[in-house]
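Architecture at a glance
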Amino acid sequence: MGVSLRSWVANEGAKHVVLMLWLGTNTWLFLRTFLLYFSGHQYHYLYKMLGLGLCVSRASASVLNLNCSLVLLPMCRSLLTFIRGTHAVSSRETRRLLDKSKTFHVACGVSICIFSVVHVSAHLVNVVNFSVRYSEDFPALNLARYRGQDPKLIILTTISGLTGLLLVLILFLMFTSSSSCVRLFNYEIFWYTHNLFIVFYVILMVHMGGGALKYQTNVEAHPPGCLRANQSSPERQGAELEQGEDEARRCGEEAHFQPHYPQCPSENKETFGIHLRVVGDWTGAGAQVHIQVQVHRC
């Protein structure tokens, strides 16, 4: 018994440790993102519109992003061969772990399929809520064009909806063709469908930039729940508030929203920002020209 246990630890222990770390990372990332969208002030109005569907969709998306970035690494045979041939990898345990990289690839693939189902289900709920809970107060927050718009029409007329459908179709083909019965019956089907991963990643980049979800950018000037212009506190229905108390709770300005993807903030929508890292003569000269232009304008 002792010998078999030591043999299992030597052969399988490292693999299971890596899988446990991977599971822990996925769990932490899901919970962290869920709580961020559940209690984050910048997502207050979006959460009021979409509810828990927002939290689940974004939490599952973070797990999908992690696993989509990892799933290809175990299949990079040239990279694995190079690592095994370096002097840095000298132990037999590490080499044995690299030889079992396919297990990690399968684990990432299964998690992508599972969380894709969760992600799609949550977004279907979100699309319905976009239609039913259309916001008259914050038009920029809406994905629907009007209250009661057909959810199917929202999916088919938005970048996020169309790319999402294509991603689900490609993932379905890759998942079904990876079953052992298909691979044994016709390996070419498995090979060609798995090569769709290139198209999958291109569409995924477009999907992430769809801008369906928006977050508030001026939380300090417009705290969640503050009183907008011509709006009275609900407490006034039962009892009078002290003089000036409503004014203290007024919003400093209207809430501003922007799509949920990285972009350079700018007060003037007709301008854009450029981030330039000075690392040599050419970029240094460009930075000096920019500084001189700014000084001349001042």
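Quick caveat: nothing in here was measured; it's all calculated off a predicted structure. (Residues numbered from 1 in each chain as written. Predicted model: local features only at pLDDT ≥ 70, side-chain atom pairs only at ≥ 80, totals over all residues. Heavy atoms only, no water.)

What follows concerns the side chain of Ser160. By the secondary structure assignment, Ser160 is in helix H8 (residues 159-177). Classification of Ser160 as buried rests on a relative accessible area of 15%. Apart from residues no more than four positions distant in its own chain, Ser160 is found in contact with His207, Gly210, Gly211 and Ala212. (Helix = DSSP H or I, 4+ residues; strand = E, 2+ residues; numbered from the N terminus. Buried < 20%, exposed > 50% of the residue type's maximum accessible area, 1.4 Å probe, protein only. Contact = heavy atoms within 4.5 Å.)

What follows is about the nonpolar core. Side chains that are nonpolar tend, in soluble globular proteins, to be buried together. By size, the foremost hydrophobic cluster in this structure holds 18 residues, and its most contacted members are Cys68, Ile112, Phe200, Tyr201 and Leu204. Elements with a minimum of two residues in this core: helix H1 (2-39), helix H3 (52-70), helix H6 (101-132), H8 and helix H11 (197-208). Ranked by residue count, the leading element in this core is H6, at five residues. Look past the residues within four positions of Leu204 in its chain and what remains in contact with it is Cys68 and Leu167. Residues Leu50, Phe130, Phe138 and Ala255 belong to the second largest nonpolar core, which totals 14 residues. (Core = buried A, V, L, I, M, F, W, Y, C linked by side-chain atoms within 4.5 Å.)

Turning next to the pattern of salt bridges. Per the counting criterion, the structure on display carries one salt bridge. Measuring nitrogen to oxygen at the nearest pair gives 3.5 Å for the salt bridge that ties Lys152 to Asp150. For Lys152, a relative accessible area of 57% puts it in the exposed group. On the accessibility criterion, Asp150 (34% relative accessible area) is partly exposed. (Salt bridge = Lys/Arg side-chain N within 4 Å of Asp/Glu carboxyl O.)

Okay, the side chain of Ser177 next. In this fold, Ser177 is placed in helix H8. Given the relative accessible area of 3%, Ser177 is considered buried. Of the polar contacts made by the side chain of Ser177, one reaches the side chain of Thr193; its length is 2.5 Å. In this structure Ser177 touches Val182, Arg183, Ile189, Phe190, Thr193 and His194, once residues within four positions along its chain are discounted. (Polar contact = N/O pair within 3.5 Å; in protein donor to acceptor, adjacent residues only side chain to side chain.)

Our next topic: the environment of Val202. Within the secondary structure, Val202 sits in helix H11. The exposed category is assigned to Val202, whose relative accessible area is 51%. Along the backbone, Val202 and Thr163 are 39 residues apart, and their C-alpha atoms lie at a distance of 10.0 Å.

Summarising the model, the protein shows a mean pLDDT of 79, and 72% of its residues fall at 70 or more. Note that residues 235-244 has pLDDT below 50 and, in this model, seven contacts with residues that lie over four places away or in other chains. (pLDDT = per-residue confidence, 0-100.)

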